[in-house]
Amino acid sequence: MIELDNVSYRYLGGDSQTWALHDINLQLASTQFVAFLGQNGSGKSTLSRLLNGLELPSNGSVSIDGLSTDQSDQLTQIRRSVQVVFQNPDTQQVGLTLAEDIAFGLSNIGYPQSKMMNRVKWALGLVGLQHASDYFVHELSGGEKQKLALAAVLALSPTYLVLDEATSMLDPMARREFLHMLHQIRHKQPFALLYITHHLDEVLHADRWIFLHHGKIVADGHPNDLLQNEDLFIRCGLEIPYRIRLIHQLHKQGMDIPWATSIDQLVEWL
Amino acid sequence: MGSQFIFFKQKNSWLEQWDPRMKIVVIFLYAISLFVHQNTLFKAIQIVLLICLWAVAKLSWRMLGWTLLSLSLFFVTTMVYHMLFSAGSQTLQIFGFHLSKVGIFSGISMCLQIAGIVLLLSLLVRTTSPIILAEGLERLLSPFQKWKFPIHEATMMFSIALRFIPILTEEFEKVRKAQIARGNGFHRGKIRARITGLFPILMPMFILSILRAKELAASMESRCYDSNEKRTPIRQYRLKLQDYIIFICSVVLVIISVIQKS
Ligand SMILES: Nc1ncnc2c1ncn2[C@@H]1O[C@H](COP(=O)(O)OP(=O)(O)OP(=O)(O)O)[C@@H](O)[C@H]1O
Ligand SMILES: [Mg+2]
């Protein structure tokens, strides 16, 4: 369980009046798929950096399975269970080659040397980069770098995986494949997925949606309930996909269609 | 494949796969031998051997040509110096110059020595990924850690610095193009204008690299990096029979060189 207790955060040197996060109270269960939604600057990335102790809250406390992020001797343990893929794919590679990069994290957690290369291959296989283990990281495209960053954290089998717009540079096909793969892995070894995104489509199956706006939580609930509330999306500056708008209209007509219905199913239904 | 990083290009040659510790040690011994003895023929044979290794490493002949050509000015001045100023009774007379015969030999010997060292270093950096080179050095120097030399930290810093080379080149290109698009004229005009035109590039570069470094540090920390913690080595190196044989041969080579000198 991740617990945020009255958490506020203000950047040093930033505008001293505005809080990047203000009075956040949250409890995140250890196997849920939770989506964080909000427009640019709403504080999503800041929140992700608080979750594994990269930043400490200005007020309040963050604790992961009972370990508080302000105890510096517990940070390694916290980071073993909370892994984050950051928004910028260019600054997350530490190794020179793909294999070295994935091995970096494994070697930090003391992963046995004899099994390391197998683990590296497994992780690269998850994102379809197994053929490229000896390539140099700087020669990858933006999307490939994101795939590598994802492989690198999955190799560490975290309990909580935070993805901060980690698929923003993947093409639609790769994004779908990736989500599918992610859910498959979660099926085998459950972990909490904390998914930050602007794409509602990616998170229709989530267990919970949390809306951030100007550093505050403005809505928190099941997608089915939140989707009813069109004003919420407009207020938070989020675009509702065309398909969802269509289903909305159909609901108003008294038709009961699930939100996750695909276009094909919709056509059939109509 | 064919990826390149600075000097190193992946070729999957035997020399590339070879244990970096052994490679460093053997190259070091070979260099010592080249410096110790004075036998010109012996040196020539050693150079031929290095050229064979060049082929084993699947490096291109053109690169070898350029490497040697870049030393040509040095070869010429060495030869001239030795031929004109070496002592020795036997002289050759060419175009009215008295050239010392001993000088010719010592000049050739000197040139071979320089060529040998350059070839050795080329072979080392062209067949070893910089990270693996750093790792090899780390293992070789690890005994010094007992006396609190920060060997591990130094290697880590070196590796990170290496990671930054492509990042900075990329950033430099980005900022440079942005500045050209805005009409900054550092790429044409007088030297002075070019130099002052560079400042608007260096400033953003400097800021960008600090930001990059901060983000990279965050990623490292986030992936559980802690310099006080013990890390599992990524690669395991085990000495094989061939390593012992090559090592013994190299030691014998040094011993022969020492005997030859005295
Ligand atoms: N390093 C920083 N220094 C000062 N202020 C910052 C810094 N990083 C972010 N902020 C501010 O904090 C607020 C929240 O930023 P954050 O990066 O968390 O937003 P976000 O929801 O991730 O946005 P996006 O969707 O664009 O990624 C913004 O108002 C931003 O200006
Ligand atoms: Mg963000």
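Quick notes on the rules
- Residues numbered from 1 in each chain as written.
- Chains lettered and ligands numbered in written order.
- Predicted model: local features only at pLDDT ≥ 70, side-chain atom pairs only at ≥ 80, totals over all residues.
- Heavy atoms only, no water.
- Helix = DSSP H or I, 4+ residues; strand = E, 2+ residues; numbered from the N terminus.
- Rg over C-alpha atoms; globule rule 2.2 N^0.38 Å.
- Buried < 20%, exposed > 50% of the residue type's maximum accessible area, 1.4 Å probe, protein only.
- Contact = heavy atoms within 4.5 Å.
- Areas by Shrake-Rupley, 256 points an atom, 1.4 Å probe, with all protein chains shown as cover.
- Lys, Arg positive; Asp, Glu negative; His and termini not counted.
- Charge placed at Lys NZ, Arg CZ, Asp CG, Glu CD.
- Buried area = accessible area lost by both parts, 1.4 Å probe.
- Salt bridge = Lys/Arg side-chain N within 4 Å of Asp/Glu carboxyl O.
- Polar contact = N/O pair within 3.5 Å; in protein donor to acceptor, adjacent residues only side chain to side chain.
- Nonpolar A, V, L, I, M, F, W, Y, C, P; charged D, E, K, R; others polar.
- Pairing = 2+ DSSP bridges.
- Domains from an automatic or database assignment.
- Axes fitted to C-alpha atoms, helices over the stretch in contact; angles between N-to-C directions.
- Donors = N, O, S within 2.8 Å, 3.2 Å for Na, K, Ca; no water.
- Arc of directions from axis to C-beta.
- UniProt positions renumbered as here; feature names shortened; annotations may be inferred.
- Parallel < 35°, antiparallel > 145°, perpendicular 65-115°, else oblique.

Trainee: Would you mind going over the overall build of chain B with me for this structure?
Mentor: Per the secondary structure count, chain B includes ten helices and four strands. Relative to the compact-globule value of 18 Å for 262 residues, chain B shows a C-alpha radius of gyration of 24 Å, a clear excess of over 25%. Expressed as lengths along the three principal axes of its C-alpha atoms, the size of chain B is roughly 70 × 55 × 40 Å. For chain B, the proportion of its 262 residues judged to be buried stands at 41%. Sequence-distant contacts, at least 24 apart, represent 69% of the contacts inside chain B between residues at least 6 apart. Total accessible area on chain B is roughly 15,700 Å²; 72% of this is exposed by carbon and sulfur atoms. Positive and negative charge centroids in chain B, built from 30 and 13 side chains respectively, lie 12 Å apart.

Trainee: It is not clear to me how the interface of chain B and chain A should be interpreted in this structure. Could you clarify?
Mentor: Interfaces are often described in size by the accessible area the parts lose on coming together. Contacts between chain B and chain A engage 34 residues on the former and 41 residues on the latter. Carbon and sulfur atoms make up 54% of the area that chain B and chain A hide from each other, which totals about 3,300 Å². Looking at the side of chain B facing chain A, the largest losses of area belong to R163, R223 and C224 of chain B, adding up to 25% of the total buried there. Scanning the region where chain B abuts chain A turns up three salt bridges. Taken together, the connections running from chain B to chain A amount to 17 residue pairs in polar contact (both at pLDDT 80 or more). Contributing elements (two or more residues each) for the side of chain B that touches chain A: β1 (4-5), α7 (130-141), α8 (151-181) and α9 (191-222) of chain B. The element that contributes the greatest number of residues to the side of chain B that touches chain A is α9 of chain B, accounting for eight residues. Its residues assigned to classes, the side of chain B that touches chain A comprises 16 nonpolar, eight polar and ten charged.

Trainee: Would you mind showing me how to read the pairing of strand β7 (residues 160-164) of chain A here?
Mentor: A regular strand places its side chains on the two faces of the sheet in alternate fashion. Residue and element names in this part refer to chain A. Of all five residues in β7, five are buried, a share of seventy percent or more. Across four bridges, the pairing between strand β6 (residues 82-85) and β7 is parallel. When the sheet's bridge partners are listed, V84 is paired in β7 with V162. Relative to strand β8 (residues 192-197), β7 is paired through five bridges, and the arrangement is parallel. Its bridge partner lying in β8, L161 is registered against L193.

Trainee: Before we go on, may I ask you to explain the domain arrangement of chain B in this structure?
Mentor: Residues and elements named next belong to chain B. Per the domain assignment, the segments of chain B are domain 1 (14-141 + 241-261) and domain 2 (148-222). Its C-alpha centre places domain 1 at a distance of 36 Å from the equivalent point of domain 2. Every contact between the two is made by six residues of domain 1 and, on the other side, six residues of domain 2. Interface area, domain 1 with domain 2, both sides summed: about 500 Å², of which 77% is carbon and sulfur. Of all residues in domain 1, the largest losses of buried area upon contact with domain 2 belong to I131, A134 and E138, amounting jointly to 68% of the total for that side. One can count zero salt bridges joining domain 1 with domain 2.

Trainee: What should I look at first to understand the sheet that holds strand β1 (residues 2-9) of chain A in this one?
Mentor: Strand pairing in a sheet is mediated by backbone hydrogen bonds. Such pairs are either parallel or antiparallel. Residues and elements named next belong to chain A. What the four strands build is an open sheet, ordered β2-β1-β4-β5; its pairing is antiparallel. Each end of this open sheet is capped by a strand with a single partner; those strands are β2 (21-28) and β5 (67-68). Packing of helix α1 (residues 44-51) onto the sheet brings it into contact with β1, β2 and β4 (59-64), and relative to β1 it is tilted by some 125°.

Trainee: Would you take a moment to explain the coordination of the magnesium ion (ligand 2) for this structure?
Mentor: By definition of the ideal shapes, a tetrahedral metal site with four donors has angles of 109.5 degrees and an octahedral site with six donors has angles of 90 or 180 degrees. Residues and elements named next belong to chain A. For the magnesium ion (ligand 2), the protein coordination sphere consists of S45 (OG) and Q87 (OE1), at 1.9 to 2.3 Å. Residue S45 is located in helix α1, and its partner Q87 is located in the loop between β6 and α3 (98-108); the two are separated by 42 residues in the primary sequence. Looking at S45, the relative accessible area reads 24%, which means it is partly exposed.

Trainee: What am I meant to see in helix α9 (residues 242-252) of chain A here?
Mentor: Quick reminder: α-helices carry 3.6 residues per turn. Residues three or four places apart thus point the same way. All names here are of chain A. Inspection of α9 places R243, I244, I247, H248, L250 and H251 among the buried residues, and these make up the whole buried set. The arc that holds the buried residues of α9, viewed along the axis, is 165°, so those residues lie on one side. Away from the buried face of α9 by more than 90 degrees, exposed residues Y242 and K252 are located. Looking at the buried positions of α9, the neighbouring elements they touch are α8 (230-235) and α10 (263-269). One or two positions beyond α9, positive phi appears at G254, with a value near 90°.

Trainee: Just to check I follow, could you spell out the UniProt feature "transmembrane region" (unreviewed entry) in chain B for this structure?
Mentor: All names here are of chain B. Following the UniProt record, the feature "transmembrane region" (unreviewed entry) maps to residues 44-61, 66-84, 104-125, 195-213 and 241-259 here. Span residues 66-84 is 89% helix and 0% strand, its end C-alpha atoms 28 Å apart. Helix makes up 100% of residues 241-259 and strand 0%. Its end C-alpha atoms lie 27 Å apart.

Trainee: Please explain the packing of helix α2 (residues 20-36) of chain B against α7 of chain B as it appears in this structure.
Mentor: Two quantities define a packed helix pair, namely the angle between the axes and the distance from one axis to the other. Residues and elements named next belong to chain B. Contact geometry of α2 with α7 gives a least axis separation of 8 Å together with a crossing angle of 80°. With respect to each other, α2 and α7 are oriented roughly perpendicular. Every residue of α7 that contacts α2 at P20, R21, I24 and V25 is listed here: I132, L133, G136, L137, R139 and L140.

Trainee: Any chance you could explain unusual backbone geometry here in plain terms?
Mentor: Most of the time, phi is negative for any residue but glycine, and the peptide bond is trans. All names here are of chain A. Here D23, not a glycine, exhibits a phi torsion of approximately 50°, which is positive. In this structure, D23 sits in strand β2. Here E165, not a glycine, exhibits a phi torsion of approximately 45°, which is positive. Checked against the element boundaries, E165 lands in the loop between β7 and α6 (172-188). On the basis of relative accessibility, which here comes to 13%, the residue E165 falls in the buried class.

Trainee: Would you mind showing me how to read the environment of Q4 of chain B here?
Mentor: Structurally, Q4 of chain B can be placed in strand β1. With relative accessibility at 36%, the residue Q4 of chain B sits in the partly exposed group. In this structure, Q4 of chain B is in contact with F136, H138 and E139 of chain A together with K9 of chain B, ignoring residues within four places of it in sequence.

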